[in-house]
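# Structural overview
The chain contents come next:
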Amino acid sequence: MSFLKDIGTPIFNAERLKSVPEKENYTFDVIYSGKKLTFNYLDLYKIFEKKYINCRLTSVSRWSVRANWGGVLWSDFINYLDFHDFKFVYFESYGGYNTTVFAEDLDNPRILLATHVDDDEIEFDYGGPIRMVIPNLWGYKSCKWIKNISFIDEYIVGFWEGYGYDDRGLIEPTIVLDINSKQHRRINGGEVTEF
């Protein structure tokens, strides 16, 4: 069991993915400015310092979970690439799920390429071994099972966006179920920091 499973966090697997490569064979590609880099999961922490961020992942289906997420800070990742001239970032999973995030929505200092939650590796059901955690956007923008990250200048409609979900994915004021406390709470919109 893991923290997320222990507290009853819902599982979503839109692409019905059954498995991904084992950690030693798990890679993801990054395409930017005509270049392509391939990162191996096992090499991530030879390049980057693992950081922990306490923040919420909030679903458009009206639930929210707070956790100590561990991984590579998005800002550290961008600084490593030394590339800042883009309008959008396209994320694709091993199962073919995809979403595009506006560059200005990736300025949040709590965004992670997450590999851990509460010191445990993120299990497959929740997007492990590596997923995005973008706390200022609805959860459908936090792609699981990362296979490809592309920096682009033209918007590509993502999986849920193709069904009418908002292209930006900005969290709206509403009432959500706080998975941690099992209570319904009102949120103001934007990153959930009220509780």
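This text follows the structure it describes.
Below you will find a few notes about this structure. Only a predicted model underlies this, so the values are computations on that prediction, with no experimental measurement involved.

### Thoughts on the packing of aromatic side chains
- All told, the structure shown has 27 aromatic pairs when counted by the stated rule.
- For the ring pair Tyr-97 and Phe-159, a centre distance of 5.5 Å and an interplane angle of 40° mean the geometry is tilted. Taken together, the residues Tyr-97 in the loop between strand S5 (88-93) and strand S6 (98-102) and Phe-159 in the loop between strand S10 (146-152) and strand S11 (174-178) connect sequence positions 62 residues apart.
- Residue class for Tyr-97 comes out buried when judged on its relative accessible area of 8%.
- Through a chain of ring-to-ring contacts, the aromatic side chains of Phe-28, Tyr-32, Phe-39, Phe-48, Trp-74, Phe-77, Tyr-80, Phe-83, Phe-86, Phe-91 and Phe-151 assemble into a single cluster.
- Between Arg-168 and the ring centre of Phe-102, over which it is positioned, the NZ or CZ distance is 5.0 Å.

### Structural notes on unusual backbone geometry
- Of the consecutive residues Gly-128 and Pro-129, the connecting peptide bond is found in the cis state with omega at 15°.
- Along the polypeptide, Pro-129 turns up in the loop between strand S8 (120-121) and strand S9 (131-133).
- In this structure, Asp-82 is a non-glycine residue whose phi angle is positive, near 55°.
- By the secondary structure assignment, Asp-82 is in the loop between helix H3 (74-81) and S5.
- One non-glycine residue with positive phi stands out, namely Asp-119, at about 75°.
- Within the fold, Asp-119 resides in the loop between strand S7 (112-117) and S8.
- Residue class for Asp-119 comes out exposed when judged on its relative accessible area of 59%.

What counts and what doesn't
- Residues numbered from 1 in each chain as written.
- Predicted model: local features only at pLDDT ≥ 70, side-chain atom pairs only at ≥ 80, totals over all residues.
- Heavy atoms only, no water.
- Phe/Tyr/Trp six-rings, centres within 6.5 Å; stacked < 30°, edge-to-face > 60°.
- Helix = DSSP H or I, 4+ residues; strand = E, 2+ residues; numbered from the N terminus.
- Buried < 20%, exposed > 50% of the residue type's maximum accessible area, 1.4 Å probe, protein only.
- Lys NZ or Arg CZ within 6 Å of the ring centre and 35° of its normal.

None of this, on its own, says anything about what the molecule does.
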